[in-house]
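Listed here are the chains, written in short residue letters.
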Protein chains: 2
Amino acid sequence: MNIRYSEKIKELLRESKLSVTDTRTKILELFFKTKGALEHHNFEKLDGATFDRVTVYRTLQTFLDKGIIHKIPSTDTSIHYALCKDCSEDHHDDHHIHFKCQHCDNTLCLEGIAIPAIQLPQGYTADNVEVIVSGLCPNCK
Amino acid sequence: MNIRYSEKIKELLRESKLSVTDTRTKILELFFKTKGALEHHNFEKLDGATFDRVTVYRTLQTFLDKGIIHKIPSTDTSIHYALCKDCSEDHHDDHHIHFKCQHCDNTLCLEGIAIPAIQLPQGYTADNVEVIVSGLCPNCK
DNA sequence: GTAACTGCAAAATATTTGCATCCTT
DNA sequence: AAGGATGCAAATATTTTGCAGTTAC
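Every value quoted in this text rests on a predicted model; they were computed, and no experiment measured them. (Residues numbered from 1 in each chain as written. Chains lettered and ligands numbered in written order. Predicted model: local features only at pLDDT ≥ 70, side-chain atom pairs only at ≥ 80, totals over all residues. Heavy atoms only, no water.)

### With respect to unusual backbone geometry
Residue and element names in this part refer to chain B. As a reminder, the rule being used: Secondary structure elements are taken from DSSP: a helix is a run of H or I of four residues or more, a strand is a run of E of two residues or more, and numbering for both begins at the N terminus.
A positive phi is found at Lys17, a non-glycine position, where the angle reads about 60°. Relative to the assigned elements, Lys17 resides in the loop between α1 (3-15) and α2 (22-34). Despite not being glycine, Asp105 shows a phi value in the positive range, around 70°. Relative to the helices and strands, Asp105 is located in the loop between β6 (97-101) and β7 (107-110).

Following this line, the structure appears as structure tokens:
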């Protein structure tokens, strides 16, 4: 549908050695358009088409495996997924912070903001640091 | 059972204007002993007793409402709860980072580590910053 | 005694697995 | 044509709601 993403999506799927299917294309389109966190239920009705629950779960799992999307920690009862610009390239880079707006409830990936170094107590090893800031986004302020 | 926490727990419940019941006492005992994140299923069988699912959920919700425990963001399919030392006092202080061990899978609250200030883009307002570090804990290192 | 707490039944929501069929390559 | 992707049925897991019975104060 969204012609402007069509080529980018095909390329991304081929790079990941995945076949180009309708479900995958439409799910990725939504990720590109949204630029933020999405949950499973956001995908069941897409562009008029209805996708099977199971297909959506399997598609998301495939994207996770291939490093196309990542999970975002949340306190909700459903898993939050997001694709970010850097992740669509050759390297998988999740090093960005997440921002959750308390008013519109959207979660965004904020690129280009340094993740602070955390000084852990003796004996701990850090492998990954997740930062989730909540507050008001520019639209809701 | 655990005599050493018994008084502390009664006091905490009374401070929060909650009646002292068996379920609440045992759930709080586990929180005190664990000093880390717990999920719902950790509470169903406790000290030989079996608690009804619903009672556990309602107890946890009550504790959330009273500021005795808080949720920790996660990428799992179940909600993670934790009680921390500071929260059992008069003031409710969630300002600590969380550490998730990639080996033993435990989540701990690390007190006394400064939460870094995050420089947000223009237009965003920060209300709360959550930091979750993953890596190896001293036991699993 | 009364308000609050608990337990059972049942529903709503979220996620996973097996298998037969269909589609991409 | 072959292997991977999808869709249906069904199971499992998680969380919530209503109501009746029980308990703490």
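### Concerning the sheet that holds strand β1 (residues 38-39) of chain B
Whether parallel or antiparallel, the strands of a sheet pair through hydrogen bonds between backbone atoms. All names here are of chain B. In plain terms, the rule: The rule for pairing is simple: two strands pair if DSSP sees at least two bridges between them.
The antiparallel open sheet is built from three strands, whose spatial order is β1-β5-β4. Edge positions in the open sheet fall to β1 and β4 (70-72), since each of these has one partner strand only. Taken together, the three bridges between β4 and strand β5 (residues 80-82) define a ladder with antiparallel strand orientation. Looking at β5, one finds that His70 is bridged to Ala82.

### Re the UniProt feature "binding site: Zn(2+)" (unreviewed entry) in chain A
Residues and elements named next belong to chain A. Applicable threshold: UniProt positions are given in the numbering used here, feature names are shortened, and annotations may be inferred rather than shown by experiment. Accessible area is worked out with a 1.4 Å probe on protein chains only. A residue is then buried under 20% of its type maximum, exposed over 50%, and partly exposed in between. We call two residues in contact when some of their heavy atoms are within 4.5 Å.
The UniProt record marks Cys101, Cys104, Cys137 and Cys140 with the feature "binding site: Zn(2+)" (unreviewed entry), using the residue numbering of this structure. In three dimensions, the annotated residues from a span of 40 residues occupy one location, with a maximal C-alpha spread of 8.3 Å. Tracing the chain through its elements places Cys101 in strand β6 (residues 97-101). Exposure remark for Cys101: the relative accessible area of 1% places this residue in the buried category. When sequence neighbours within four positions are dropped, the list of residues in contact with Cys101 reads Asn106, Gly135, Leu136, Cys137 and Cys140. On the secondary structure map, Cys140 appears in the segment after β8 (125-136). If near-sequence neighbours (up to four positions away) are discounted, Cys140 is found in contact with Cys101, His103 and Cys104.

### Focus: helix α3 (residues 53-65) of chain A
Residue and element names in this part refer to chain A. Definition in use: The length a helix should cover is 1.5 Å for every residue beyond the first. Distance and chemistry together define a polar contact, namely a pair of N or O atoms within 3.5 Å, with one atom able to donate a hydrogen and the other to accept it when in protein, and with adjacent residues in sequence counting only for side-chain atoms on both sides.
End to end, α3 covers 18 Å across 13 residues, agreeing with the expected 18 Å (1.5 Å per residue, within 8%). One side-chain oxygen at the N-terminal end of α3 lies 3.0 Å from the backbone nitrogen of Val54; it belongs to Asp52. The positive-phi residue at the C-terminal boundary of α3 is Gly67, with phi of around 75°.

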